[in-house]
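Spelled out from the first residue to the last, the chains are:
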Amino acid sequence: MKSEPMRLRQKLESWGFRSLPIFNPNDYKRRLVDLEEDFNYYIDEILRQAQEGKRHGKNWKKEWGFGKSTFLYNVSDFLNHNYLFHSLGDKSAYSHIFSIFIPFPEKLNNVIKRLATGEQDYIASLPGNPPISFHEVMRTVAFSILIEANKDNSSIKQTTTENIEELLQEKPKLRNEILENMKKHLEDRLPWSKTINEDLAVGLVEMTYPIGTAVFEEGFKKVRKRLNFDVFSYLLKLAKIFLVIIVDQVEYATASQLKELIQLVTDEENYAHIHLATVMRTDWRAWVKPSQQKDYQTLTERLEEERLSPLSEEGAKQLIISLLDEFRSSESTIPDRFYPFTEDAIEYLIKKSRDPAVHNEINPRRLLQLVTRVLSLAYRKCHSTISKKLLQTEEYDSQIEQTIGPIEAMEEEFEETETLG
């Protein structure tokens, strides 16, 4: 018995892995593969809406397991890392773009509360990218409002959120003047009670100080205790920040959550700066109560329907490589990046992952499940190379058919936690 673990460890090392590759079907925080055209189209669309000041939301609809959530998470990550801290320019209707990714329907007030208290991270950040804190978001809001409040001041002409901090440090006398203008600007425009307006105005002014300083933290506390979704949304509007809200698995929204989303897309007075994107499975009616179907119809009629392009065979191969590479040892020497799979085995698994019910498209979730489950079986059996011939043996064929399974059984397995799309 003692020699068996060593045999298995040696098997992993011979394959070049640190540990046996696994695939979590609920992990949508993966880098996008093979959907560059869809990705660039959607980023350009959002950017154009922010520049022109004309929003129009999207409903991304496709069958189960085809990567809708991963796609939208990548979009959200890109928006935050490219347009939150960098100005879109003077001629743009909005100066910045901020995106919130909500993995499961939630009341919008709860989303903001959990963001502000750090209980939940709704700010997309792919592995390898620097995470973005809500403190950084609110500081950008503060600086954007400061610039708006002083746009007629020739001393800060051409100043952006990227260089305003340097200007404030260089000119302390100017700092007092423009911060006072900012406070007055807020007091004149904030629509709530005097005490709420005071907390928000003073707090935002204090958040122009560096994150981590006592002044910034005191300002953040003042603002945080007053934040709900409408307050946050209003501050973004004052800051000229375009907000992209992505709601995954929208077919699970409650009646009250659904009404909030409908309000977002219908209320032009309060929410014209918000682009809503929903992620919905094609068979959504099977998951929605009959009493809510009319509201879903109302929501989706206000959104432009989109459908992800099919994953190509070359893209499917890159997807497999990306998964295997996650678990490779940096010192490994292997024949190729598919190892221990042969090329004909890879092509066979790709063929098996095609869904005849969806135009015979490759189902990425099913493909990655096949790869990892076959690999696990080969690991236990100590098979060195996984070929098509091996996959066609009774034991492997049984594992493949069980993994592909009736689609209904797989849906039942993940219906409570589906997040990959």
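The rules behind the values
Residues numbered from 1 in each chain as written. Predicted model: local features only at pLDDT ≥ 70, side-chain atom pairs only at ≥ 80, totals over all residues. Heavy atoms only, no water. Helix = DSSP H or I, 4+ residues; strand = E, 2+ residues; numbered from the N terminus. Buried < 20%, exposed > 50% of the residue type's maximum accessible area, 1.4 Å probe, protein only. Contact = heavy atoms within 4.5 Å. Areas by Shrake-Rupley, 256 points an atom, 1.4 Å probe, with all protein chains shown as cover. Lys, Arg positive; Asp, Glu negative; His and termini not counted. Charge placed at Lys NZ, Arg CZ, Asp CG, Glu CD. Core = buried A, V, L, I, M, F, W, Y, C linked by side-chain atoms within 4.5 Å. Phe/Tyr/Trp six-rings, centres within 6.5 Å; stacked < 30°, edge-to-face > 60°. Lys NZ or Arg CZ within 6 Å of the ring centre and 35° of its normal. Expected span 1.5 Å × (residues − 1). Pairing = 2+ DSSP bridges. Axes fitted to C-alpha atoms, helices over the stretch in contact; angles between N-to-C directions. Parallel < 35°, antiparallel > 145°, perpendicular 65-115°, else oblique. Nonpolar A, V, L, I, M, F, W, Y, C, P; charged D, E, K, R; others polar. Salt bridge = Lys/Arg side-chain N within 4 Å of Asp/Glu carboxyl O.

Caption draft 1: Just the overall build of the protein, in detail. Counting its regular elements, the protein contains 19 helices and 7 strands. Seen through its principal axes, the protein has C-alpha atoms that stretch 75 × 55 × 40 Å. Out of the 421 residues in the protein, the part that is buried amounts to 54%. Intrachain contacts of the protein at a sequence separation of at least 6 include 75% that bridge at least 24 residues. Counting every atom, the protein has about 19500 Å² of accessible surface; 48% of that belongs to carbon and sulfur. Taking the 56 positively charged and 67 negatively charged side chains of the protein as two groups, their mean positions are separated by 2 Å.

Caption draft 2: Seen up close, the nonpolar core. Residues Ile 100, Met 138, Leu 204 and Phe 232 are the most contacted members of the largest nonpolar core, which totals 67 residues. Among the elements that take part in this core, helix 5 (residues 134-149) stands out by supplying 9 residues, more than any other. Not counting residues up to four positions away in its chain, the partners in contact with Met 138 are Leu 204, Met 207, Phe 220, Val 223, Phe 232 and Leu 235. Core analysis: the next-biggest nonpolar cluster, separate from the first, contains 39 residues, Phe 23, Phe 338, Ile 346 and Tyr 379 among them.

Caption draft 3: Examining the packing of aromatic side chains more closely. Under the definition given, this model contains 19 aromatic pairs. When the ring centre of Tyr 209 is taken as origin, the NZ or CZ atom of Arg 175, which lies over that ring, is 4.1 Å away.

Caption draft 4: Representation of helix 11 (residues 255-266) within the structure. Taking 1.5 Å of rise per residue, 12 residues should cover 16 Å, and helix 11 covers 16 Å from first to last C-alpha, within 8% of that figure. Listing the buried residues of helix 11 in full gives Gln 257, Leu 258, Glu 260, Leu 261, Ile 262, Leu 264 and Val 265.

Caption draft 5: Spotlight on the pairing of strand 4 (residues 274-281). Taking burial as the measure, the 8 residues of strand 4 include 8 buried ones, the bulk of the element. Where strand 1 (residues 58-62) meets strand 4, 5 bridges bridge the pair, whose relative direction is parallel. By the bridge assignment for strand 4, Lys 61 is matched with Met 280. By the bridge criterion, 5 bridges tie strand 3 (residues 241-247) to strand 4 in an arrangement that is parallel. Counted as the bridge partner of Leu 243 is Ile 274 from strand 4.

Caption draft 6: Representation of the packing of helix 5 against helix 7 (residues 172-189) in the model. For the pair helix 5 and helix 7, interaxial distance at closest approach is 8 Å and the crossing angle is 95 degrees. In terms of orientation, helix 5 and helix 7 fall into the roughly perpendicular class. Where helix 5 approaches helix 7, its residues Ala 142, Ile 145, Leu 146, Glu 148 and Ala 149 are matched on the opposing element by Ile 178, Leu 179, Asn 181, Met 182, His 185 and Leu 186. Tallied by class, the residues present in the contact of helix 5 with helix 7 amount to 8 nonpolar, 2 polar and 1 charged.

Caption draft 7: Main features of helix 5. Taking 1.5 Å of rise per residue, 16 residues should cover 22 Å, and helix 5 covers 22 Å from first to last C-alpha, within 8% of that figure. Counting buried positions over the 16 residues of helix 5 gives 13, a clear majority of the element.

Caption draft 8: Layout of the pattern of salt bridges. Across all of its chains, the model carries 28 salt bridges by this definition. In this structure, the salt-bridge partner of Glu 306 is Lys 58, at a minimum N-O distance of 2.8 Å. Of this pair, Glu 306 sits in strand 5 (residues 304-306) while Lys 58 sits in strand 1; the two residues are 248 residues apart in sequence, bridging distant segments of the chain. Residue Glu 306 shares its accessibility class with Lys 58, and that shared class is buried. Between Lys 183 and Glu 198 there is a salt bridge, and its shortest N-O distance comes to 3.9 Å. With Lys 183 in helix 7 and Glu 198 in helix 8 (residues 194-206), the pair connects residues that are 15 residues apart, well separated along the chain.

Interpretation note: all reported values are geometric properties and have no functional meaning in isolation.
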